[in-house]
Amino acid sequence: MSTQTEPMTDLEKISAHLAISQVKARYCRFLDTKDWDAYAGLFTEDFELDVSEGTSLPVIHGRDAALQQIRASIGGARTAHQVHGPEIEFLGRDEARVIWAMQDHLRWDAERVARLGTTGLTGYGHYHERYRRQKNGEWKIAASRLTRLHLEMHAATST
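Residues numbered from 1 in each chain as written. Predicted model: local features only at pLDDT ≥ 70, side-chain atom pairs only at ≥ 80, totals over all residues. Heavy atoms only, no water.

A. Geometry of the overall build of the protein chain. Counting its regular elements, the protein chain contains four helices and six strands. Taken from the N to the C terminus, the helices and strands of the protein chain come in the order α-α-β-β-α-β-β-α-β-β. Dimensions of the protein chain, computed from C-alpha atoms along their principal axes, come out at roughly 65 × 30 × 25 Å. For the protein chain, the proportion of its 159 residues judged to be buried stands at 36%. Considering only intrachain contacts with a sequence separation of at least 6, the fraction spanning at least 24 residues in the protein chain is 59%. When the accessible surface of the protein chain is summed, it comes to about 9200 Å², and 52% of that surface belongs to carbon and sulfur atoms. Averaged over its 20 positive side-chain charges, the protein chain has a centre that lies 3 Å from the centre of its 22 negative ones. (Helix = DSSP H or I, 4+ residues; strand = E, 2+ residues; numbered from the N terminus. Buried < 20%, exposed > 50% of the residue type's maximum accessible area, 1.4 Å probe, protein only. Contact = heavy atoms within 4.5 Å. Areas by Shrake-Rupley, 256 points an atom, 1.4 Å probe, with all protein chains shown as cover. Lys, Arg positive; Asp, Glu negative; His and termini not counted. Charge placed at Lys NZ, Arg CZ, Asp CG, Glu CD.)

Listed below in structure tokens is the structure:
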């Protein structure tokens, strides 16, 4: 039996890498299918969301507050999120820092198109995240910061 201070074996790292990748795959699927209950289950209760870059939003503390903001931002949109090539650094046995290359594509509902004058956006950037292994062995997202490299707004065309 291992202790908290022992480094992870290569096999444990591979297993944790796969588990963390599964969490992020579910993140994309649950977000895009608007399965809000399953989506909420991917985060720790003290989750911290930082989408402040390029927005006026402050860092949001707490899973419930973060999910409320996410639903308000994209709940009515059709979305497709993709993540690629995780860079995973383990910080002990129960915590990891991960950077994911990402792309998201959002199509607004009619009300938002009328209000914003755009049909949606396509963004490219990175998720900078911290994952924490729970007592039951599950990995959950404890913090997420979105940085953007490029953002394409899709102009609404008049018909």
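B. A look at the pattern of salt bridges. Applying the stated criterion to the full structure yields nine salt bridges. For Glu95, the salt bridge goes to Arg130, with nearest N and O atoms at 3.6 Å. With Glu95 in strand β4 (residues 95–107) and Arg130 in strand β5 (residues 118–133), this residue pair connects regions lying 35 residues apart in the sequence. A relative accessible area of 26% means that Glu95 is categorised as partly exposed. (Salt bridge = Lys/Arg side-chain N within 4 Å of Asp/Glu carboxyl O.)

C. Spotlight on the sheet that holds β4. With respect to topology, six strands assemble into an open sheet ordered β2-β1-β6-β5-β4-β3, the strand pairing being mixed. Whereas interior strands pair on both sides, the edge strands pair on one side only; in this sheet they are β2 (60–61) and β3 (78–90). Pairing of strand β1 (residues 43–50) with strand β6 (residues 139–155), which is carried by four bridges, proceeds in the parallel orientation. Bridging across to β6, Leu49 finds its partner in Ser144. Of the strands in this sheet, β1, β2, β3 and β4 are in contact with helix α3 (residues 63–74), which crosses β1 at around 50 degrees. (Pairing = 2+ DSSP bridges. Axes fitted to C-alpha atoms, helices over the stretch in contact; angles between N-to-C directions.)

D. Seen up close, unusual backbone geometry. Although it is not a glycine, Lys34 sits at a positive phi angle of roughly 60 degrees. For Lys34, the location among the structural elements is in the loop between α1 (10–33) and α2 (36–40).

E. Here's a closer look at the side chain of Arg93. Here Arg93 lies in the loop between β3 and β4. With relative accessibility at 8%, the residue Arg93 sits in the buried group. Within polar-contact distance, the side chain of Arg93 engages the backbone oxygen of Glu6 at 3.0 Å. Polar contacts involving the side chain of Arg93 include one to the main-chain carbonyl oxygen of Pro7, which spans 3.1 Å. (Polar contact = N/O pair within 3.5 Å; in protein donor to acceptor, adjacent residues only side chain to side chain.)

F. Up close: the packing of aromatic side chains. This model, assessed by the stated rule, comprises seven aromatic pairs. Arranged with centres 4.5 Å apart and planes meeting at 50 degrees, the rings of Phe43 and Phe47 form a pair that is tilted. Taken together, the aromatic side chains of Tyr27, Trp36, Tyr39, Phe43, Phe47 and Tyr127 make up a single cluster linked through ring pairs. Sitting above the plane of the Tyr27 ring, Lys24 keeps its charged end 3.5 Å from the centroid. (Phe/Tyr/Trp six-rings, centres within 6.5 Å; stacked < 30°, edge-to-face > 60°. Lys NZ or Arg CZ within 6 Å of the ring centre and 35° of its normal.)

G. Geometry of the nonpolar core. By size, the foremost hydrophobic cluster in this structure holds 35 residues, and its most contacted members are Ile20, Tyr27, Tyr39, Phe43, Ile70, Tyr131 and Trp139. When residues of this core are traced back to their parent elements, those giving at least two are α1, α2, β1, α3, β4, β5 and β6. Broken down by element, this core gets its largest block of residues, seven residues, from α1. (Core = buried A, V, L, I, M, F, W, Y, C linked by side-chain atoms within 4.5 Å.)

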